[in-house]
Amino acid sequence: MLHDDVLSRCPDCGSSDNKITKQGISCLTCGLTETFEIEDEIREGLQETLVQALDKGKMRDVLLRWNFAG
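Being a predicted model, the structure only gives us computed values, none of them experimental. (Residues numbered from 1 in each chain as written. Predicted model: local features only at pLDDT ≥ 70, side-chain atom pairs only at ≥ 80, totals over all residues. Heavy atoms only, no water.)

Undergrad: Got a minute to help me understand the overall build of the protein in this structure?
TA: Broken down by element type, the protein carries two helices and three strands. The order of α-helices and β-strands along the protein, N terminus first, is β-β-β-α-α. By its C-alpha atoms, the protein is 40 × 20 × 15 Å across when sized along the principal axes. A buried classification covers 27% of the 70 residues belonging to the protein. Long-range contacts, defined here as pairs at least 24 residues apart, represent 34% of the contacts in the protein between residues at least 6 apart. Here the protein has roughly 5,000 Å² of accessible surface; of this, 50% comes from carbon and sulfur atoms. Put simply, the protein has 8 plus and 13 minus side-chain charges, and the middle of one group is 5 Å from the middle of the other. (Helix = DSSP H or I, 4+ residues; strand = E, 2+ residues; numbered from the N terminus. Buried < 20%, exposed > 50% of the residue type's maximum accessible area, 1.4 Å probe, protein only. Contact = heavy atoms within 4.5 Å. Areas by Shrake-Rupley, 256 points an atom, 1.4 Å probe, with all protein chains shown as cover. Lys, Arg positive; Asp, Glu negative; His and termini not counted. Charge placed at Lys NZ, Arg CZ, Asp CG, Glu CD.)

Take a look at the structure:
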């Protein structure tokens with residue numbers, strides 16, 4: 001579950017003016033955007049359970065990089 005009232009910081013510029021959606025996170029100051037899902041090239045041919053695990057791991061890594069505390 002995402003809590004959009006919890007501040008996170010852009011890893012590039014340090015701004016906490018960002019937007020979090022189900023698909024990813026974007027800095028409204030510098031424009032940096034990261035998605036929570038793995039790239040299509042990686043997911044091709046993988047079992048759905050493995051894709052879900054990789055997506056979950058990528059989301060966790062992105063949120064940690066953005067200092068998301070929610």
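Moving on from the coordinates now.
Undergrad: Got a minute to help me understand the state of the cysteines in this structure?
TA: Disulfide: a covalent bond formed between the sulfur atoms of two cysteine residues. Per the counting criterion, the structure on display carries zero disulfides. Here Cys 10 is not disulfide-linked; the sulfur of Cys 30 is the nearest cysteine sulfur, at 3.6 Å. Given the relative accessible area of 39%, Cys 30 is considered partly exposed. (Disulfide = S-S within 2.5 Å.)

Undergrad: Where do I start with the nonpolar core in this structure?
TA: Most often, soluble globular proteins keep nonpolar side chains buried together rather than apart. Judged by nonpolar contacts, Cys 10, Ile 20, Ile 25, Cys 27, Phe 36, Val 62, Leu 63, Trp 66 and Phe 68 together constitute the single largest core of nine residues. Broken down by secondary-structure element, the contributors of at least two residues to this core are β2 (24-27) and α2 (48-65). (Core = buried A, V, L, I, M, F, W, Y, C linked by side-chain atoms within 4.5 Å.)

Undergrad: Sorry if this is basic, but what is going on with the side chain of Ser 15 here?
TA: Considering the arrangement of structural elements, one finds Ser 15 in the segment before β1 (18-20). Side chain to side chain, Ser 15 and Thr 29 meet in a polar contact 2.8 Å long. Aside from chain neighbours lying at most four places away, what touches Ser 15 is Ser 8, Arg 9, Cys 10, Cys 27 and Thr 29. (Polar contact = N/O pair within 3.5 Å; in protein donor to acceptor, adjacent residues only side chain to side chain.)

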